Amino acid sequence: MSQVDAFTNERFKGNPAAVVPLEQWLSDAQMQAIAAENNLSETAFFVREPDGAFHIRWFSPLTEIDFCGHATLASAFVILEQRIAAAPLTFRAAAVGDIEVTLRDDGLLEMSFPNRVPELIAEPPQALLEALDIVPEAVLRNPQAWFVVYASEQQVRAAAPDLEALKALAPLDVVVTAPGDRQDFASRYFWPANGGDEDPVTGSIHAGLAPYWAARLGKSSLVALQASKRTGLLHCRVEGERVFVAGAAVKYLQGQIEL
């Protein structure tokens with residue numbers, strides 16, 4: 001197992017993910033137990049398929065996750081570092097199909113996600129509004145989360161929703177977002193029903209954030225800040241039905257799991 005800090009080039013920042021390369025699948029119970037033992041946002045497991053693609057699955061400490069960006073980035077980093085395969089790479093996931101990962105000239109790893117732009121919700125659920133401590137400008141939704149739009153990065157940083165109340169919104173999580181002070185936009189991601197109180201850096205949600213802000217700001221290439229305590233930077237590009245999300249990664253540890 002390797003542990004990698006994703007969406008950062010500084011150790012102890014970004015979002016840590018565990019990566020477990022497999023020759024054949026462990027049982028679901030074993031993978032969930034490993035993820036719970038790691039107690040990270042996600043532990044990624046992958047098996048190489050006959051066509052060279054990597055079938056990938058992601059587990060939070062609580063449950064299997066449909067779509068995880070930072071652990072995919074971490075997995076690509078491990079595959080390239082350990083020379084399991086050369087770029088470009090293809091990851092295959094049941095919920096989102098094939099995710100292509102390329103190594104950019106600037107050294108960042110860029111993932112190709114399906115465009116999951118959120119839709120404006122005229123009447124947000126009362127449970128969401130009651131859980132928020134700052135009144136939103138707008139609320140949107142995609143298959144993954146409720147998007148709460150604020151006026152400023154300061155409001156995003158100050159947000160302190162009622163996490164216990166957010167569990168009532170399961171299976172959807174909650175992302176708060178606003179225009180950025182130095183970057184194009186900022187966000188924070190809360191997911192008490194599916195993994196933990198706050199996710200440090202969430203690659204998958206930028207498949208929805210990037211197209212929303214691209215349309216609002218009138219630009220297709222954006223730099224995003226996830227304003228958690230650890231922080232992370234994501235370089236986003238929107239092209240039609242695909243959203244490209246790139247970032248750096250750095251290894252923290254490599255070890256062996258005893259079963």
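Please read these numbers as outputs of a predicted model, since none were measured by experiment.

A.B. asks: Looking at this model, I keep getting lost on the overall build of the protein chain. Mind explaining?
C.D. replies: Helix and strand counts for the protein chain come out as six helices and 18 strands. The C-alpha atoms of the protein chain give a radius of gyration of 17 Å, which matches the 18 Å a tight globule of 259 residues would have. For the protein chain, the spread of C-alpha atoms along the principal axes amounts to about 50 × 40 × 30 Å. Counting only residues that meet the buried cut, the protein chain has 54% of its 259 residues in that class. Within the protein chain, counting contacts between residues at least 6 apart in sequence, those at least 24 apart form 61% of the total. Carbon together with sulfur atoms contributes 48% to the accessible area of the protein chain, which is approximately 11500 Å² in total. Averaging the positions of the 20 positive and the 33 negative side-chain charges in the protein chain gives two centres separated by 5 Å.

A.B. asks: Before we go on, may I ask you to explain the packing of aromatic side chains in this structure?
C.D. replies: Aromatic ring pairs are reported here in terms of the distance separating the ring centres and the angle at which the planes meet. Evaluated as defined, the whole model comprises nine aromatic pairs. The interplanar angle of 80 degrees and the centroid separation of 5.0 Å between the aromatic rings of Y212 and W213 together place this pair among those described as edge-to-face. One aromatic cluster is present, built from ring pairs that chain together F46, F54 and F91. Directly above the aromatic system of W25 lies the positively charged group of R57, at a separation of 5.5 Å from the ring centroid. A cation over an aromatic ring shows up here: R237 above the ring of F244, its NZ or CZ 4.1 Å from the ring centre.

A.B. asks: Hey, could you run me through unusual backbone geometry in this one?
C.D. replies: Comment: phi is negative for the bulk of residues other than glycine, and the bulk of peptide bonds are trans. Look at the link from A87 to P88: it is a cis peptide, with omega at 0 degrees. Within the secondary structure layout, P88 lies in the loop between α2 (69-81) and β6 (89-93). With omega at 10 degrees, the peptide bond leading from A170 into P171 counts as cis. Here P171 shows up in the loop between α5 (163-166) and β12 (173-179). Although it is not a glycine, F12 sits at a positive phi angle of roughly 75 degrees. Relative to the assigned elements, F12 resides in the loop between β1 (2-6) and β2 (15-22). Even without being glycine, T231 reaches a positive phi, approximately 60 degrees.

A.B. asks: Whenever I open this one, the pattern of salt bridges confuses me. Can you help?
C.D. replies: Side chains that carry opposite charge are capable of pairing whenever their charged atoms lie near each other. Per the stated rule, a full pass over the model turns up 15 salt bridges. Note that E110 and R237 form a salt bridge whose closest N and O atoms lie 2.7 Å from each other. On the criterion of sequence distance, the pair formed by E110 in strand β8 (residues 109-114) and R237 in strand β16 (residues 232-239) is long-range, its members being 127 residues apart. Since its relative accessible area comes to 8%, E110 is described here as buried. Given the relative accessible area of 24%, R237 is considered partly exposed. In this structure, K219 engages D184 in a salt bridge whose closest nitrogen and oxygen atoms are separated by 2.8 Å. In this pair, K219 is assigned in the loop between α6 (206-217) and β15 (221-226) and D184 in the loop between β12 and β13 (185-191), connecting sequence segments 35 residues apart.

A.B. asks: Any chance you could explain the pairing of β2 here in plain terms?
C.D. replies: When a strand is regular, its side chains alternate between the sheet's two faces. Most of β2 sits out of view: seven of its eight residues are buried. Here five bridges tie β1 to β2, and the two strands are oriented antiparallel to one another. Bridge pairing links S2 to V19 in β2. Summarising the sheet, β2 and strand β3 (residues 42-48) pair through six bridges and their orientation is parallel. By the bridge assignment, A17 is partnered in β3 with E42.

A.B. asks: Looking at this structure, how should I read the side chain of S75?
C.D. replies: If you trace the backbone, S75 turns up in helix α2. Taking relative accessible area as the criterion, S75 reaches 0% and is therefore assigned buried. With residues near it in sequence (within four places) discarded, S75 still touches V19, A44, F46, I56 and F91.

A.B. asks: Any chance you could explain the side chain of S204 here in plain terms?
C.D. replies: Position of S204 relative to the elements: it lies in the loop between β14 (196-199) and α6. Overall, the relative accessible area of 3% leaves S204 in the buried class. Setting aside residues up to four positions removed in sequence, S204 forms contacts with F67, C68, G69, F113 and Q144.

Rules used throughout
- Residues numbered from 1 in each chain as written.
- Predicted model: local features only at pLDDT ≥ 70, side-chain atom pairs only at ≥ 80, totals over all residues.
- Heavy atoms only, no water.
- Helix = DSSP H or I, 4+ residues; strand = E, 2+ residues; numbered from the N terminus.
- Rg over C-alpha atoms; globule rule 2.2 N^0.38 Å.
- Buried < 20%, exposed > 50% of the residue type's maximum accessible area, 1.4 Å probe, protein only.
- Contact = heavy atoms within 4.5 Å.
- Areas by Shrake-Rupley, 256 points an atom, 1.4 Å probe, with all protein chains shown as cover.
- Lys, Arg positive; Asp, Glu negative; His and termini not counted.
- Charge placed at Lys NZ, Arg CZ, Asp CG, Glu CD.
- Phe/Tyr/Trp six-rings, centres within 6.5 Å; stacked < 30°, edge-to-face > 60°.
- Lys NZ or Arg CZ within 6 Å of the ring centre and 35° of its normal.
- Salt bridge = Lys/Arg side-chain N within 4 Å of Asp/Glu carboxyl O.
- Pairing = 2+ DSSP bridges.

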